[in-house]
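Overview (structure and organization)
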Amino acid sequence: MSSEHHEELRGFHGIHRGFPWSHVVGLVVSLVLTFAALWLVQAHAMPHGLLLAVILVLAVLQIVVQLFFFMHFLESYGPRYHVTSLALAFVFTVCIIAGSLWIMTFGGEQTY
Amino acid sequence: MHLPGYVNNVATPFFVTGDPMIYASDVLIVLTLVAIVFVLTYFKKWGWLWREWITTVDHKKIGIMYLIAALLMLFRGGVDAMLMRTQLALPNMRFLEAEHYDQIFTTHGTIMILFMAMPFIFAMFNIAVPLQIGARDVAFPYLNAISFWLFFFGALLLNLSFVIGGSPDGGWTSYPPLTEWPTDPGPGENFYLLALQISGIGSMATGINFLVTILKMRAPGMTLMRMPMFCWSVVGASILIIFSFPALTVALALLMIDRLFGAHFFTMLQGGNPMMYVNLFWVWGHPEVYIVVLPAFGIFSEVVATFSRKRLFGYASMVASIMAIAVISYLVWLHHFFTMGAGPGVNSFFAISTMSVGIPTGVKVFNWLFTMYQGRIRLKLPMLWAIGFIPNFAIGGATGVMLAVAPGDYQYHNSYFLIAHFHQVLIGGVVYGMLAGMYYWWPKMFGIILNERIGRWAFWVFNIGFYVCFLPQYELGFMGMTRRIYVYPAGMGWTALNLISTIGAYLMGIAFVLIVWQVLYSIRFPERDVTGDPWDGRTLEWSLPSPAPHYNFARIPTVTARDAWWAEKEARRRGEDVQKELRPLEPIHMPNNSGRPFILSVCFFIGGFGLVFEWYWLAILGGLGVMLCLLLRSLETNTDHYIPVEEIRRTEAALGRL
Ligand code: HEM
Ligand SMILES: [Cu+2]
C-alpha cells in the first residue's frame, strides 16, 4: 500500500475498475429524459398544466440520475461531506427556485 | 438603435472596418505576433514553451500563467476605461461614437469581471493553496490545466471580437430583449455568450478542484480550524462557484438558443420572458461578486497578521463570517433589479437580506483592525495595499447599504452613484486585494522581492487617483447623470466633476505603468529572496525555498498548531530543540505533463468560433475534437510518475535544505 498522500492522488491514477457501465447507462438515461422533455413540449403533447407537471417530474428524475450514476452518491466512505454538501445544495436550490417563483409572479399578476 | 455609418457591426464583414483606431490595433496585433514568433524562433524557445508551460500541470506554473493573463487583461480593461473617461471628460466630446462607446463599456465590464478578476483570484488559489496546506499539487492537476486553458481560450475569443466580427455591445449583463437576435444581430453578442460559456466550464472545474484539494489534501495534523484564513476564503469562494455558475450557464445557453436557433425563452413574443434572464443572471451575478471578493478578504487576513506580527484576531469569527457571507449571498440577488417591479413584499425581503450581509463583513473589518491594534506594523507593499483597502471598503460598504434601501434605489439605480459604488468595492476590494497578494507571494513565485520604492509610488498614485476618479461620480449620480451614456450636454453642471474624474482615471493609468516599470526594474536589478521567508511569515508556504521545488515538500510536514510555520519558528526562538526531520525521503508521486488540456481547449475555441459565426460545420468539427480528447484521456493509463529519492536529495541539496 502506498503512503497516505499517494492514496489521495489516486484521482489521476490509471486504476482499473472494469468497463464503466454505470456511466454509460447514466448518460443514455439522462439523454432520454432530456429529449423526452423537449419532444413533449415541441409536440404540444398534452394540455398546458399537465405538460408542466410532467416536465417537472422529468427534471427531478434527471437530478436523481445525475446523483446516482455520476456523483457517486452511494460510495459514501469518508467523512460527512456527502450529507453536508447535499444539505447545502438543497438549501440553495430551494432558495433559488422558490425565490425565482416568488419574484417572477409579480404579486400574482403574471399567469406563469 | 444602430446609427447609419456605424453599421459595420450589423453588416458583419469578417474583419472589423471603418475605424482608424481599430486599424491601428490590427497593425499592432500583427506586429506583436510577428515579434513573439520571431523571438521564440530566434532563441529556440518553442520547445521550452511547450514542455515547461503549455503542457505543465504544476499548480505553481499554472498560477503564474493566470497571473500574467490577469495583468494583461487588466491592461486591456484599463485601456477601455481610459478611452471611456476621455470621451466623458468634457461635454459634447467627439472622441468615440455611440456604437463604439457601447462596445467599450461592454468589453470593459466583461473583461474586468470575468477575464481579470477571475483569473487573478485563480492565480492566487494556485500559487498559495497547495503550499499553505502542505500538499504537492491540487487534487486534479490535469483538470487544473484544462481550467486554465479554457479560461485562456475563452478570453481570447472575447478579445478577438475587437478585430474580427465586432465586439458585443449589450453591456456586461447582456440583457434581452436588446441582445436578442432581431435587435442585436451580428456576431458580437455571440462572442460574449460563447466566451463566457467556455471560460465558465473552466471556472466551475476550478471551484470543484480547490474545494476537494482543501477538504482532502491537507497535511496530517492540519485540521480545518488550523487552516490559514486564505484557504478558508477559498473554501467559501469555491462553494459559491459550484452552486452559482450553473445559473449563468443556463442563462447564457438559453439566450444562445434564442439567438442561434430562433427559440423564444427571452423574447417579447410567443410567451418569452426577458425578465427571467435578468433573474437568472443575478442568481449567479451576486454570488460572483463574493467569489472575487472573498479571496481578497483571505489575502488581507494573511497580510495583516504577517505584517502586524500577531496572530489573526478572532479566527473563529472570521471563519463564521466567510460561511455566513457564502450563504447569505444566495438570498440577495434581487437587489440588482429592485426597479423591475416585483412588488413591495419581494423588494422588502431582498432589501433586508442585503443589508444583513453588512454584519459579517463588518465583523471582518473589525477583526483586521484588532489584529493591527498593538501589533508591530511594518508598512511593506502588501500591507500598504491592505491598509488602503479598509477606508475604501468602508465607503463602498456604506454606499452599498444605501443602494440596498429599495425605495432609495429607485433614485440611484443605473446612475453614476452605482458606478462609483461598485468600482469602490471591486477596485478597493478585489484589485487592492489581488495586488496585495501579488506583492506578498511574488518572492514565493519568482524568488525576487519587488522594488519597494517604485511600488510605493505606484500605491500612492493609484490610491489618490482612485478617490479623485470615483468620489466625484457619487455626486454626479445624485445630479442625475446615468450610466452608459456616451455624451452629455454642457450646462448640466456635470462638467467639472467629470473632468476631475477623468484626471483620477489617468492617475490610475500612470500607477499601472509604474507597476509594470517596477516589475521590469526588479527583474533587471533583482533583490533575491534567499531565505524563502522574506516577510517573517506564519504559514507553511514560507517554510519552503523561493521558488518552491516542483514537488513542493520533500517531506509532508506534520502540523501541530494554527500558523504552523510561526509556531515552529517560535519554538526554535525559545531554544527548544525542534525535532529534526528524521523520516527518510521517499519517492514522490507526481502527475505527468500533458498537452491534451491545451489541445482540448483549442477544440473548444474552434467550436465556439464556429458557433459565433454560425458556421455549423466548424462547430461540429470542434465538438468532435473535444470528444476525441475526452475519449483519449479516458483510455489513458500512463498518467503519473515517481521522482526517485536520489533526484529529490540532489534538488534539496542544491537548495541548501539538506
Ligand atoms: C482603472 C480603473 C477603472 C476605471 C477608470 C473604470 C471606468 C469605468 C467606466 C467609465 C465605466 C462606464 C460607465 C458607463 O458609461 O456606464 C465602467 C463600467 C464598468 N466597470 Fe469599470 N473602471 C475601472 C476599473 C474596473 C474594474 C477593476 C472592474 C471590475 C473588477 C470594473 C468593472 C466595471 C463594470 C462591471 C462596468 C459596467 C459595464 C456595463 O455597464 O456593462 N471596472 N468603468
Ligand atoms: Cu449583488
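Since we're looking at a predicted model, the values are computed, not measured.

**Some words on unusual backbone geometry**
Residues and elements named next belong to chain B. Pro177 follows Pro176 through a cis peptide bond whose omega is 5 degrees. A cis geometry characterises the amide bond from Ser546 onward to Pro547, with omega recorded as -15 degrees. Among the secondary structure elements, Pro547 is positioned in the loop between strand 2 (527-528) and helix 17 (564-573). The backbone phi angle of Asp536 is positive, close to 55 degrees, even though this residue is not glycine. With respect to the helices, strands and loops of the structure, Asp536 is situated in the loop between strand 2 and helix 17. Here Asp536 falls in the buried class, since its relative accessible area comes to 14%. With phi around 55 degrees, Glu614 is a residue other than glycine that occupies positive phi space.

**Quick notes on the coordination of the copper ion (ligand 2)**
For the copper ion (ligand 2), the protein coordination sphere consists of His286 of chain B (ND1), His335 of chain B (NE2) and His336 of chain B (NE2), at 1.7 to 2.0 Å. In the primary structure, the donors to the copper ion (ligand 2) are separated according to the pattern H-x48-H-H.

**Some thoughts on the pattern of salt bridges**
Opposite charge on two side chains lets them pair, provided their charged atoms get close. Residue and element names in this part refer to chain B. This model, assessed by the stated rule, comprises 13 salt bridges over all chains. One salt bridge in this structure joins Glu568 and Arg572, with 2.8 Å as the shortest N-O distance. Here Glu568 and its partner Arg572 are both found in helix 17, four residues apart, which amounts to about one turn of the helix. Where Arg649 meets Glu646, a salt bridge forms, and the shortest distance between an N and an O atom there is 3.8 Å. Here the residue Arg649 and the residue Glu646 both occupy positions in helix 20 (residues 645-654), the gap between them amounting to three residues, near one helical turn. It is possible to trace a salt-bridge network through shared partners that takes in Arg309, Asp533, Asp536 and Lys569.

**Some points on the packing of aromatic side chains**
All names here are of chain B. Evaluation of the coordinates by the stated rule reveals 73 aromatic pairs over all chains. Here the aromatic rings of Trp385 and Tyr432 are separated by 4.9 Å at their centres, their planes lie at 90 degrees, and the arrangement is edge-to-face. Here Tyr432 lies in helix 14 (residues 416-446) and Trp385 lies in helix 12 (residues 381-404), a separation of 47 residues in the sequence. Across the pair, Tyr432 and Trp385 agree in class, each one buried. One cation-aromatic arrangement involves Arg573 over Trp566; the distance from NZ or CZ to the ring centre is 4.9 Å. When the ring centre of Tyr142 is taken as reference, the NZ or CZ atom of Arg633 above it lies at 3.5 Å.

**Things to note about the site of ligand 1**
Residue and element names in this part refer to chain B. Taken together, 23 residues surround ligand 1, and among them Tyr101, His108, Trp172, His423 and Arg484 come closest. In the model, an oxygen atom of ligand 1 is placed 2.7 Å from a nitrogen or oxygen of the Tyr101 side chain. Contact distances for ligand 1 include 2.8 Å between an oxygen atom and a backbone N or O atom of Trp172. Secondary structure elements with two or more residues in the shell around ligand 1: helix 4 (59-88), helix 5 (98-133), helix 14 and helix 16 (495-524).

**Focus: the packing of helix 7 (residues 188-216) of chain B against helix 18 (residues 596-612) of chain B**
Residue and element names in this part refer to chain B. It is at 9 Å that the axes of helix 7 and helix 18 come closest, and there the two elements cross at 155 degrees. Between helix 7 and helix 18, the interaxial angle falls into the category roughly antiparallel. You can see that helix 7 and helix 18 cross each other, and the crossing is right-handed. Contact residues: helix 7 offers Asn190, Phe191, Leu194, Ile198 and Ile201, while helix 18 offers Phe604, Phe605, Gly608, Phe609, Leu611 and Val612. Classifying every residue of the contact of helix 7 with helix 18 gives nine nonpolar, two polar and no charged.

**Here we look at the interface of chain B and chain A**
Facing 41 residues of chain B, the contacting portion of chain A comprises 26 residues. Taken together, the two surfaces of chain B and chain A that pack against each other cover about 2,900 Å², and 73% of this comes from carbon and sulfur. It is Lys216, Phe243 and His589 of chain B that lose the most area in chain B upon contact with chain A, and together they represent 18% of the buried surface on that side. Where chain B packs against chain A, one counts zero salt bridges. Where chain B packs against chain A, one counts one residue pair in polar contact (both at pLDDT 80 or more). For the side of chain B that touches chain A, the secondary structure elements donating two or more residues are helix 7, helix 8 (229-261), helix 9 (274-308), helix 10 (315-328), helix 11 (344-372), strand 3 (588-591) and strand 4 (640-643) of chain B. Split by residue class, the side of chain B that touches chain A holds 26 nonpolar, nine polar and six charged.

**With respect to the nonpolar core**
Residue and element names in this part refer to chain B. Residues Phe115, Trp368 and Trp441 are the most contacted members of the largest nonpolar core, which totals 195 residues. Residue contacts for Phe115: discarding those within four places in its chain leaves Ala69, Ala70, Met73, Thr110, Phe151, Gly154, Ala155, Leu158, Ala195, Leu196 and Ser199. Met84, Tyr101, Tyr488 and Leu497 belong to the second-largest nonpolar core, a separate cluster that totals 15 residues.

Rules of the game
- Residues numbered from 1 in each chain as written.
- Chains lettered and ligands numbered in written order.
- Predicted model: local features only at pLDDT ≥ 70, side-chain atom pairs only at ≥ 80, totals over all residues.
- Heavy atoms only, no water.
- Helix = DSSP H or I, 4+ residues; strand = E, 2+ residues; numbered from the N terminus.
- Buried < 20%, exposed > 50% of the residue type's maximum accessible area, 1.4 Å probe, protein only.
- Donors = N, O, S within 2.8 Å, 3.2 Å for Na, K, Ca; no water.
- Salt bridge = Lys/Arg side-chain N within 4 Å of Asp/Glu carboxyl O.
- Phe/Tyr/Trp six-rings, centres within 6.5 Å; stacked < 30°, edge-to-face > 60°.
- Lys NZ or Arg CZ within 6 Å of the ring centre and 35° of its normal.
- Near = heavy atom within 4 Å.
- Polar contact = N/O pair within 3.5 Å; in protein donor to acceptor, adjacent residues only side chain to side chain.
- Axes fitted to C-alpha atoms, helices over the stretch in contact; angles between N-to-C directions.
- Parallel < 35°, antiparallel > 145°, perpendicular 65-115°, else oblique.
- Left-handed = near helix turned anticlockwise from the far one by under 90°.
- Contact = heavy atoms within 4.5 Å.
- Nonpolar A, V, L, I, M, F, W, Y, C, P; charged D, E, K, R; others polar.
- Buried area = accessible area lost by both parts, 1.4 Å probe.
- Core = buried A, V, L, I, M, F, W, Y, C linked by side-chain atoms within 4.5 Å.

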